[in-house]
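Given next are the chains, with one letter for each unit.
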Amino acid sequence: QISNSPTNGYVLTAQSGNTGGLTWAESSTGSLEFIAENSTYNSNVSSYTHDIDSKFKSIRLEFNNFSAYDSNKVAQVKLSVSGSNTETISLSTSSSGGMERATTTSHDDFGTCGVLEITNINDATLFPAILARGTVQLDDDSTHTDFSFQDEIGGTQRAYNRIEIRVSSGNIRFINYRLYGYVNA
């Protein structure tokens, strides 16, 4: 027997003190909600920007074939508070601060592919933490560079509400991405 009525998005949990021992409750791990997606080829734009609702405690960006018109441009994600107080997360092959990173290519079929997760994005009392992993396809199926890093955005604690997907300079040639937010993560 379940002690309460179901609610969309809730999960069934064991509660020994409740009637029947089962209760519908909000998931403690958080629910994943879709924010935006984009799949573009020869876009010739410098970036894509999305607002992050304050209900999201963490975000997840899944991307593939992130490439620029010119070689050796750095794939980046820029966080901001309504366009100011920015922090940029770069993915490049050069080593910086002990973190492995990844560069874009100018090839049609190659580019940076991976996942970027940022926790505590809307909590001004905590520093956001970053987890990124993926692969850069350099020239053909046999040449690639894997990257994986975790870090914390230091400096000033801020509640970020905007994300910009971009390259270090010039325009994005191709990108396919999906952006999600975790509620109560």
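Computed from a predicted structure; not experimentally measured.

What to know about the packing of aromatic side chains
The full count for this structure, using the stated rule, is four aromatic pairs. Relative to Tyr-180, the ring of Phe-34 has its centre 6.1 Å away and its plane inclined at 75°; by these criteria the two rings are edge-to-face. A residue pair is termed long-range when its members are at least 10 positions apart, and Phe-34 in strand S3 (residues 31-45) and Tyr-180 in strand S12 (residues 172-183) qualify at 146 residues. Taking the relative accessible area as the measure of exposure, Tyr-180 reaches 14% and is therefore buried. With 6.1 Å between their ring centres and 55° between their planes, Tyr-48 and Tyr-177 make a pair best called tilted. Taken together, the residues span a long stretch of sequence, with Tyr-48 in strand S4 (residues 47-51) and Tyr-177 in strand S12 at a distance of 129 residues. With respect to burial, Tyr-48 and Tyr-177 carry one shared label: buried.

Concerning the nonpolar core
Leu-61, Phe-66, Leu-79, Ile-89 and Leu-116 are the most contacted members of the largest nonpolar core, which has 28 residues in total. Looking at this core, the elements with two or more residues in it are strand S5 (56-68), strand S6 (75-81), strand S8 (112-119), strand S9 (129-137), strand S11 (162-167) and S12. No other element matches S5, which puts six residues into this core.

Looking at the side chain of Arg-166
Tracing the backbone shows Arg-166 in strand S11. For the buried Arg-166, which has no salt bridge, the nearest side chain bearing the opposite charge is Glu-164, at an N-O separation of 4.0 Å. Excluding anything up to four places from it in sequence, Arg-166 contacts Ser-46, Ser-47, Phe-66, Val-74, Ala-75, Gln-76, Lys-78 and Ile-172.

Comments concerning the pairing of S5
As paired elements, S5 and S12 share 10 bridges and run antiparallel to each other. When the bridges of S12 are listed, Ile-59 appears paired with Gly-181. Taken together, the seven bridges between S5 and S8 define a ladder with antiparallel strand orientation. From the neighbouring strand, Arg-60 faces S8, where its bridge partner is Glu-117.

So, unusual backbone geometry
Of note, Asn-120 is a non-glycine position whose phi angle comes to about 60°, a positive value. Tracing the backbone through its elements, the reader meets Asn-120 in the loop between S8 and S9.

Topic: the confidence of the model for the protein
Predicted confidence across the protein gives a mean pLDDT of 75, with 76% of residues reaching 70 or more. The spread of mean pLDDT over the elements of the protein runs between strand S10 (residues 144-152), the lowest at 71, and S4, the highest at 93. Within the model, pLDDT remains below 50 along residues 93-109, and this stretch shows 58 contacts once partners closer than five positions in the same chain are excluded.

Scoring rules and cut-offs
Residues numbered from 1 in each chain as written. Predicted model: local features only at pLDDT ≥ 70, side-chain atom pairs only at ≥ 80, totals over all residues. Heavy atoms only, no water. Phe/Tyr/Trp six-rings, centres within 6.5 Å; stacked < 30°, edge-to-face > 60°. Helix = DSSP H or I, 4+ residues; strand = E, 2+ residues; numbered from the N terminus. Buried < 20%, exposed > 50% of the residue type's maximum accessible area, 1.4 Å probe, protein only. Core = buried A, V, L, I, M, F, W, Y, C linked by side-chain atoms within 4.5 Å. Lys, Arg positive; Asp, Glu negative; His and termini not counted. Salt bridge = Lys/Arg side-chain N within 4 Å of Asp/Glu carboxyl O. Contact = heavy atoms within 4.5 Å. Pairing = 2+ DSSP bridges. pLDDT = per-residue confidence, 0-100.

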